[in-house]
Amino acid sequence: MGLEYVRPTKVWAYFKEKGIRISADAKTKLLEILNTQITAELDKVIDKLPKYTKGQNKGELKRKTIKLDDLK
């Protein structure tokens, strides 16, 4: 499944708060979906970072720090 970003206990607590039950065989699939969505959103944030447009480093990131402006 790759990296796991979601803590299952937090997910189950949220569903319990909403009064939703999850079957045992649906739990792993739900976590896979959530982790996939988180990975996609993180990639979008990284893609917003400025990149070099010319020279030897063309296409590489100019900076590797995510700032508040990148999240807007």
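These numbers were taken from a predicted model, which means no experiment stands behind them. (Residues numbered from 1 in each chain as written. Predicted model: local features only at pLDDT ≥ 70, side-chain atom pairs only at ≥ 80, totals over all residues. Heavy atoms only, no water.)

Q: Tell me about the overall build of the protein chain, residues and numbers included.
A: Within the protein chain, the regular secondary structure consists of two helices and zero strands. For a compact globule of 72 residues, the expected C-alpha radius of gyration is about 11 Å, and the protein chain comes in at 18 Å, more than 25% above that figure. Its C-alpha atoms give the protein chain principal-axis dimensions of about 55 × 25 × 15 Å. Counting contacts in the protein chain only where the partners sit at least 6 residues apart, residues at least 24 apart contribute 31% of the total. Accessible surface for the protein chain amounts to roughly 6,300 Å². Of this, 55% is attributable to carbon and sulfur atoms. Put simply, the protein chain has 17 plus and 10 minus side-chain charges, and the middle of one group is 4 Å from the middle of the other. (Helix = DSSP H or I, 4+ residues; strand = E, 2+ residues; numbered from the N terminus. Rg over C-alpha atoms; globule rule 2.2 N^0.38 Å. Contact = heavy atoms within 4.5 Å. Areas by Shrake-Rupley, 256 points an atom, 1.4 Å probe, with all protein chains shown as cover. Lys, Arg positive; Asp, Glu negative; His and termini not counted. Charge placed at Lys NZ, Arg CZ, Asp CG, Glu CD.)

Q: Outline the environment of Lys67, listing residues and values.
A: The residue Lys67 is located in the segment after helix H2 (24–47) in this model. Taking the C-alpha atoms as reference points, Lys67 and Leu49, 18 residues apart in sequence, are found 9.0 Å from one another.

Q: Report on the pattern of salt bridges, specifying residues and quantitative values.
A: As a working rule, side chains carrying opposite charge can pair if their charged atoms are close by. Taken as a whole and assessed by the stated rule, the structure comprises three salt bridges. Glu41 is paired through a salt bridge with Lys44; the nearest N and O atoms lie 3.2 Å apart. Taken as a pair, Glu41 and Lys44 lie in helix H2 at a separation of three residues, close to a single helical turn. Overall, Glu41 belongs to the partly exposed group, its relative accessible area being 43%. Given the relative accessible area of 48%, Lys44 is considered partly exposed. Here Asp69 ties to Lys72 by a salt bridge, and the two come within 3.7 Å at their closest N and O atoms. Lys72 matches Asp69 in its accessibility class, with the two residues each being exposed. (Salt bridge = Lys/Arg side-chain N within 4 Å of Asp/Glu carboxyl O. Buried < 20%, exposed > 50% of the residue type's maximum accessible area, 1.4 Å probe, protein only.)

Q: Before we move on, could you go through H2 and cite the residues and values that matter?
A: With 24 residues, H2 extends 36 Å from end C-alpha to end C-alpha; this agrees with the ideal 34 Å at 1.5 Å per step. Residues of H2 that are buried in the fold lie against helix H1 (8–18). (Expected span 1.5 Å × (residues − 1).)

Q: I'd like a rundown of a nonpolar patch on the surface, residues and numbers included.
A: A surface patch of nonpolar side chains, amounting to about 390 Å² of accessible area, comprises Ile46, Ile66, Leu68 and Leu71. Its location among the elements puts Leu68 in the segment after H2. (Patch = residues over 30% accessible without salt bridge, like charges linked within 9 Å, V, L, I, M, F, W, Y side chains within 5 Å.)

Q: Go over the packing of aromatic side chains, please, and point to the residues and values.
A: According to the stated counting rule, one finds one aromatic pair in the structure shown. A ring pair is formed by Tyr14 and Phe15, whose centres lie 6.1 Å apart and whose planes are at 70°; its orientation type is edge-to-face. Phe15 gets classed as partly exposed once you look at its relative accessible area, which sits at 22%. (Phe/Tyr/Trp six-rings, centres within 6.5 Å; stacked < 30°, edge-to-face > 60°.)

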